[in-house]
Amino acid sequence: MKIFGRSERRAREREARASGRLPPGQSLTEKYPVLTYESQREWPPNDLSQWRLDVTGVVKHSFQLDFQTLTREFDVVDLAFDIHCVTRWSKLDTKWKGVRVRDVLARAAPEPSARFLITHSTTGYTANVPLEHALAETSLITWEYAGQPLAPEHGGPVRAIIDPETLYLWKSAKFLRSLEVTAEDNPGFWERLGYHNGGNIWAEERFWEDSGLQTRRQVMRRAGEP
Ligand SMILES: Nc1nc2c(c(=O)[nH]1)N[C@H]1C(S)=C(S)[C@@H](COP(=O)(O)O)O[C@H]1N2
Ligand SMILES: [Mo]
């Protein structure tokens with residue numbers, strides 16, 4: 001089956017670059033690469049009826065919800081946007097169904113001290129962002145990609161997508177388990193291992209070196225840890 005010829009991919013890439021849609025240092029993929037550090041036996045059951053989300057931290061109302069409650073009590077939206085991985089692939093016009101993170105956070109009512117969101121996976125993976133990225137129009141709790149249930153290798157049954165047109169996709173935790181609102185920053189899984197704490201794709205915030213930091217200790221200090 002021919003999906004896209006190589007010259008066609010290049011033509012699309014040139015067009016995306018010319019129209020300012022392709023961030024610096026990225027190239028287009030027509031595939032959907034899988035980037036998961038967890039081994040398959042750590043993945044959660046691929047079963048929406050068993051899935052739960054905790055919303056916790058510096059909020060007035062912590063709560064837990066199941067999938068039925070999520071889809072019944074919040075607006076379900078269909079969104080299309082581009083995604084960008086720090087390993088230099090970008091994918092245009094990806095289509096998702098989900099509930100906006102900001103709607104779920106609004107129910108929790110963040111305290112005035114709230115400044116960051118840490119998303120947690122069932123596996124222990126975490127990703128940290130300033131709250132404004134969590135509140136972005138395109139930040140989603142999602143269970144459907146391209147009209148199909150989200151595949152386990154892409155983070156099913158439910159994953160987060162966090163401000164994908166501003167932040168590299170490592171900020172979007174697969175196997176979503178909880179949203180933790182915090183007053184202090186707390187570098188996540190890849191941030192502790194050498195990825196930039198910010199992760200802005202347009203500023204190419206890829207690795208510690210890009211922020212002038214060299215060691216994990218400097219990264220943790222910058223985040224407020226003594
Ligand atoms: N739990 C978890 N979430 C994760 C990752 C991971 O390894 N584990 N990888 C991140 C990275 S680096 C990217 S690019 C995207 C990849 O999503 P995909 O495998 O569906 O393309 O998920 C992000 N979220
Ligand atoms: Mo990535």
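Description of the structure in this document.

Procedures and definitions
- Positions within a chain are numbered from 1, following the residues in the order the chain's sequence is written.
- Chain letters start at A and ligand numbers start at 1, both assigned in the order the entries are written.
- The predicted origin of the model limits local features to residues at a pLDDT of at least 70 and limits the giving and counting of side-chain atom pairs to 80 or more, whereas totals for whole chains, interfaces and linings rest on all residues.
- Excluded from the side-chain calculation are hydrogens and water; included are all heavy atoms of the structure.
- A simple rule labels every residue: compare its accessible area, found with a 1.4 Å probe on the protein chains alone, to the largest value its type can have, and call it buried under 20%, exposed over 50%, or partly exposed in between.
- Put simply, DSSP marks the helices as runs of H or I at least four residues long and the strands as runs of E at least two long, and each gets a number from the N terminus on.
- At least two bridges found by DSSP between two strands is the condition for calling them paired.
- Lines fitted to C-alpha atoms define the axes here, with helix axes fitted over just the stretch in contact, and angles between the N-to-C directions of these axes take values from 0 to 180 degrees.
- Ring pairs shown here join Phe, Tyr and Trp side chains whose ring centres sit within 6.5 Å, with only the six-membered ring taken for Trp; geometry is labelled stacked below 30 degrees between planes, edge-to-face above 60, and tilted in between.
- Put simply, a charge is over a ring when the Lys NZ or the Arg CZ is close to the ring centre, within 6 Å, and near the line of the ring normal, within 35 degrees.
- A single heavy atom is enough: if one lies within 4 Å of a molecule or strand, its residue is considered near that molecule or strand.
- Polar contacts, as used here, are pairs of N or O atoms within 3.5 Å; protein pairs need one atom able to donate a hydrogen and one able to accept it. Residues neighboring in sequence count only if both atoms are side-chain atoms.
- The protein chains shown are the only cover counted for residues, whose accessible areas, like all others here, come from Shrake-Rupley with a 1.4 Å probe.
- Note on residue classes: Ala, Val, Leu, Ile, Met, Phe, Trp, Tyr, Cys and Pro are nonpolar, Asp, Glu, Lys and Arg are charged, and everything else, Gly too, is polar.
- Working definition: the arc comes from the directions between the helix axis and the C-beta atoms, pointing outward to the latter.
- In a helix, the anticipated span is given by 1.5 Å times the number of residues less one.
- Take the buried residues of types Ala, Val, Leu, Ile, Met, Phe, Trp, Tyr and Cys, join any two whose side-chain atoms come within 4.5 Å, and each joined set is a nonpolar core.
- Throughout, a contact is declared for two residues whenever any of their heavy atoms are within 4.5 Å.

### With respect to the pairing of strand 7 (residues 126-130)
When you tally the buried positions in strand 7, you get four out of five residues, the bulk of the element. Summarising the sheet, strand 6 (residues 116-121) and strand 7 pair through five bridges and their orientation is antiparallel. If you follow L117 over to strand 7, its bridge partner there is V129. If you look at the hairpin formed by strand 6 and strand 7, you'll find four residues sitting between the two strands, and G124 has a positive phi there, around 100°.

### With respect to the sheet that holds strand 7
The sheet built from five strands is open, its strands ordered 3-2-11-6-7 with mixed pairing. What marks the edges here is a single partner per strand, and that holds for strand 3 (63-66) and strand 7. Neighbour to neighbour, the strand axes of the sheet diverge by 15° on average, direction disregarded. Here strand 6 runs beside strand 11 (residues 176-182); their pairing, made up of six bridges, is antiparallel. Each bridged residue has a counterpart across the sheet, and for L117 the counterpart in strand 11 is V181.

### A word on the packing of aromatic side chains
Both the distance between ring centres and the angle between the ring planes are used here to describe each pair of aromatic rings. Under the criterion given, the structure shown has 15 aromatic pairs. Ring plane angle 80° and centroid distance 4.9 Å describe the contact between F189 and W190, whose orientation is recorded as edge-to-face. Taking the relative accessible area as the measure of exposure, F189 reaches 19% and is therefore buried. In this structure W190 comes out as partly exposed when scored by relative accessible area, which is 25%. Through a chain of ring-to-ring contacts, three or more aromatic side chains come together here, namely Y37, Y125, Y168, W170, F189, W190, Y195 and F207. One cation-aromatic arrangement involves R107 over F63; the distance from NZ or CZ to the ring centre is 5.9 Å.

### A closer look at unusual backbone geometry
Of the consecutive residues G156 and P157, the connecting peptide bond is found in the cis state with omega at 10°. Of note, F175 is a non-glycine position whose phi angle comes to about 50°, a positive value. Relative to the elements of secondary structure, F175 occurs in the loop between strand 10 (159-161) and strand 11. Residue classification places F175 among the buried positions, given a relative accessible area of 1%. Despite not being glycine, E204 shows a phi value in the positive range, around 50°. Look at E204 and you get partly exposed, because its relative accessible area is 26%.

### A closer look at the site of ligand 1
The local shell around ligand 1 holds 20 residues, among which P33, E38, H154, S172 and K174 are the closest. Contacts to ligand 1 include Y37, whose backbone N or O atom sits 2.9 Å from an oxygen atom. R159 is positioned such that a nitrogen or oxygen atom in its side chain is 2.9 Å from an oxygen atom of ligand 1. The fraction of the free accessible surface of ligand 1 (530 Å²) that becomes covered by protein chains is 99%. When grouped by side-chain class, the residues that make up the shell around ligand 1 number twelve nonpolar, four polar and four charged.

### Section: helix 3 (residues 101-108)
Listed in full, the buried residues belonging to helix 3 are V101, V104, L105 and A108. One side of helix 3 carries all its buried residues, which in axial view fall inside an arc of 100°. Just downstream of helix 3, A109 is the residue with a positive phi angle, here 55°.

### Focus on helix 1 (residues 6-18)
Compared with the 18 Å implied by 1.5 Å per residue over 13 residues, the 18 Å span of helix 1 between its first and last C-alpha is a close match. Of the residues flanking the end of helix 1, it is G20, one or two places downstream, whose phi is positive at about 75°.

### Structural notes on the nonpolar core
Core analysis: the largest hydrophobic core is formed by 28 residues, its most contacted members being L53, L70, V104, L105, L117, I141 and L179. Mapped onto this core, the elements with two or more residues apiece are strand 2 (52-57), strand 3, helix 2 (67-73), helix 3, helix 4 (131-134), strand 8 (140-145) and strand 11. Here the element with the most residues in this core is helix 3; it accounts for four residues. L105 has contacts with V55, P110, L117, L131, A134, L135, L179 and V181, leaving out every residue within four places of it along the chain. Counting residues in each nonpolar core, the second largest holds 22 residues, with W96, L150, L169 and I201 among its members.

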